[in-house]
Protein chains: 2
Amino acid sequence: MRLMVDLARHWGQGTVSLHAVAEREDLPEAYLEQLVAALRKAGLVNGKRGAGGGYILAREPRAITAGDVVRALEGPIEPQICTAEGDPVLNCVREQDCGTRAVWLRLQTSIASALDGMNLAELARPTRREGARSG
Amino acid sequence: MRLMVDLARHWGQGTVSLHAVAEREDLPEAYLEQLVAALRKAGLVNGKRGAGGGYILAREPRAITAGDVVRALEGPIEPQICTAEGDPVLNCVREQDCGTRAVWLRLQTSIASALDGMNLAELARPTRREGARSG
DNA sequence: GGATTTCCGAGCACTTCACTCGGAATTCTA
DNA sequence: TAGAATTCCGAGTGAAGTGCTCGGAAATCC
């Protein structure tokens, strides 16, 4: 997440090397390398090799949501196996008598809409410590 | 969760043994034993020993939320360390420049209100497969 | 006294998470 | 064309969490 926000902050300035991000965000470069691979496979960033190379967001910041990032790194949002995102087929056998499932379904919706409602452009703006708006 | 909903369904019928719950919900009894210990320590259920004993909800079903259960079993709701629930002191050092924190704060609020908005009385009602209401 | 049931602590296989390491391929620059 | 910078790739590791088992002690009822 910090990586993506950092890239968003440098949107329009060409590619950014992981080395630079690692320094600014105080994160291990080798680890970022691994994370960015997943982001690249998900089509959220493009990499350019060689000296002066680096990474750049594949779309403009406001067209990438926190949900995109989370899904790229951690897979579909499903608090329980019986609520596979967008795949009602995998759903649990006990449906009929299991009030519990309603919990995970509502939770899933809630998480997804919270994450999908924040884009990188918003997050990249220099924070004036307000943090969360209610929701 | 299934355990608590099961107890809610038997509210008003005295104590319920884990053996019975395990059979109905098809869950290992020895495992439930361990979970219920945490629920008891959190004051959500009371246990009664001996033959004919069992567990009973400590409060009426509608006064126990899914959030209560989750917190009892998994601790405070905090998607990241920098957003310790109800303890702003533990918050991350980078606050000022880290747009990322807003993500976890909003997510936390969203999760908490989704879970706190469902009580056991609602969940215990026999489901007519509607599952989640939007939210 | 014996059956039932809660209570308690320890342990275990599996997975995930954050992270490291070594090295190959590509690209720019001197 | 050499060498530095950088992405790309696969494998491995330590700590923690999750779902679960096991053995046994204490309480309570008949």
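Residues numbered from 1 in each chain as written. Chains lettered and ligands numbered in written order. Predicted model: local features only at pLDDT ≥ 70, side-chain atom pairs only at ≥ 80, totals over all residues. Heavy atoms only, no water.

1. So, the protein's contact with DNA strand D
Around DNA strand D lies a shell of 23 residues, among which Glu33, Arg40 and Tyr55 of chain A together with Pro28 and Gln34 of chain B are the nearest. The sugar-phosphate share of atoms of DNA strand D within 4 Å of the protein amounts to 70%. The separation between a base nitrogen of DNA strand D and a polar side-chain atom of glutamine 34 of chain B is 2.7 Å. At 3.0 Å from a sugar or linking oxygen of DNA strand D is found a side-chain nitrogen or oxygen belonging to arginine 49 of chain B. Only helix 3 (29-41), strand 1 (45-48) and strand 2 (54-57) of chain A together with helix 3 (29-41) of chain B provide two or more residues apiece to the surface near DNA strand D. Its residues assigned to classes, the surface near DNA strand D comprises 8 nonpolar, 9 polar and 6 charged. (Near = heavy atom within 4 Å. Polar contact = N/O pair within 3.5 Å; in protein donor to acceptor, adjacent residues only side chain to side chain. Helix = DSSP H or I, 4+ residues; strand = E, 2+ residues; numbered from the N terminus. Nonpolar A, V, L, I, M, F, W, Y, C, P; charged D, E, K, R; others polar.)

2. Focus: the pairing of strand 2 of chain A
Residues and elements named next belong to chain A. In the sheet, strand 1 pairs with strand 2 via 4 bridges, with the strands oriented antiparallel. Bridge assignment links lysine 48 to a residue of strand 2, and that residue is glycine 54. Remark: 5 residues form the turn of the hairpin made by strand 1 and strand 2, two consecutive strands paired antiparallel; glycine 50 in that turn has positive phi of roughly 85°. (Pairing = 2+ DSSP bridges.)

3. Some remarks on the protein's contact with DNA strand C
Close to DNA strand C lie 23 residues, the nearest being Pro28 and Gln34 of chain A together with Glu33, Arg40 and Tyr55 of chain B. Within 4 Å of the protein, the atoms of DNA strand C are drawn from sugar and phosphate moieties in a proportion of 72%. With respect to DNA strand C, the side chain of glutamate 33 of chain B contributes an N or O atom lying 2.7 Å from a base nitrogen. Contact distances for DNA strand C include 2.7 Å between a phosphate oxygen and a side-chain N or O atom of arginine 40 of chain B. Put simply, the parts of the chain that give the surface near DNA strand C at least two residues each are helix 3 of chain A together with helix 3, strand 1 (45-48) and strand 2 (54-57) of chain B. Of the residues that constitute the surface near DNA strand C, the class distribution is 8 nonpolar, 9 polar and 6 charged.

4. Some remarks on the packing of helix 1 (residues 2-9) of chain A against helix 2 (residues 18-25) of chain A
Residues and elements named next belong to chain A. Remark: helix 1 packs on helix 2, axes separated minimally by 10 Å, with the N-to-C direction vectors making an angle of 110°. As judged from the angle between their axes, helix 1 and helix 2 are roughly perpendicular. Helix 2 is crossed by helix 1, and the crossing has right-handed handedness. Facing Arg2, Leu3 and Asp6 of helix 1, the residues of helix 2 in contact are Leu18, Val21, Arg24 and Glu25. By residue class, the composition of the contact of helix 1 with helix 2 is 3 nonpolar, no polar and 4 charged. (Axes fitted to C-alpha atoms, helices over the stretch in contact; angles between N-to-C directions. Parallel < 35°, antiparallel > 145°, perpendicular 65-115°, else oblique. Left-handed = near helix turned anticlockwise from the far one by under 90°. Contact = heavy atoms within 4.5 Å.)

All we've got here are geometric facts, nothing functional implied.
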